[in-house]
Amino acid sequence: MGRIFTVELEGRSYRCRFCRTHLALPDDLISKSFHCRRGKAYLFNRSVNISMGPLEERMMLSGMHTVADIFCCCCGQNVGWKYESAHEKAQKYKEGKFVLERGRIVDEMDLSTEVYIDTRSDTEDS
């Protein structure tokens, strides 16, 4: 199959729950109010380190859409779907966007950056 090259995102990122591969940045988060069969889901402008399944017509709560399931490129777990096209005019804003299922991702901060916390008291006791 060959070597898998992944994109490393800097700072806080959403990652695959199963293998911790970077999937998306908080700056690309559009909405936290999406739902899927397994629970909550988030809508993103962009996602990295994914592979797409075949396109299919799927009836969603918001109407008929052409979508493709998306999978983590490292572990192969289904992490959500991509909207390719919307059949209803009011849903066109979703086209080209990615939905990551909340139960299949984790929100992690990049712990490689140093953080200094001043634990000294502002007032000194005499």
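Structural data are supplied above this passage.
The rules behind the values
- Residues numbered from 1 in each chain as written.
- Predicted model: local features only at pLDDT ≥ 70, side-chain atom pairs only at ≥ 80, totals over all residues.
- Heavy atoms only, no water.
- Core = buried A, V, L, I, M, F, W, Y, C linked by side-chain atoms within 4.5 Å.
- Buried < 20%, exposed > 50% of the residue type's maximum accessible area, 1.4 Å probe, protein only.
- Helix = DSSP H or I, 4+ residues; strand = E, 2+ residues; numbered from the N terminus.
- Contact = heavy atoms within 4.5 Å.
- Pairing = 2+ DSSP bridges.
- Axes fitted to C-alpha atoms, helices over the stretch in contact; angles between N-to-C directions.

> Give me the lowdown on the nonpolar core, citing residues and values where you can.
Counting twelve residues, the largest nonpolar core consists of Tyr-14, Cys-16, Leu-23, Ala-24, Tyr-42, Phe-44, Ile-70, Cys-72, Val-79, Phe-98, Leu-100 and Ile-105. When contributions to this core are tallied by element, the ones reaching two or more residues are β1 (13–16), β2 (22–24), β4 (39–44), β6 (63–72) and β8 (98–101). Ignoring anything within four residues of it in the chain, the contact list for Ala-24 reads Leu-9, Ser-13, Tyr-14, Phe-44, Arg-46 and Leu-100. Listed in part, the nine residues of the second largest apolar core include Phe-34, Cys-36, Met-60 and Val-67.

> A description of the sheet that holds β6 should follow, citing residues and the corresponding values.
Here six strands make up an open sheet; going across it, the order is β3-β4-β8-β7-β6-β5 and the pairing antiparallel. Looking at which strands have only one partner, the edges of the open sheet turn out to be β3 (29–36) and β5 (50–60). Each neighbouring strand pair of the sheet contributes to a mean axis angle of 30 degrees, computed without reference to strand direction. In terms of strand pairing, β4 meets β8 through four bridges, oriented antiparallel. In the strand pairing of β8, Ala-41 is matched with Glu-101.

> Residues and numbers for the pairing of β3, please.
Summarising the sheet, β3 and β4 pair through five bridges and their orientation is antiparallel. Its bridge partner lying in β4, Phe-34 is registered against Ala-41. Where β3 folds back on β4, the antiparallel hairpin that results is connected by two residues.

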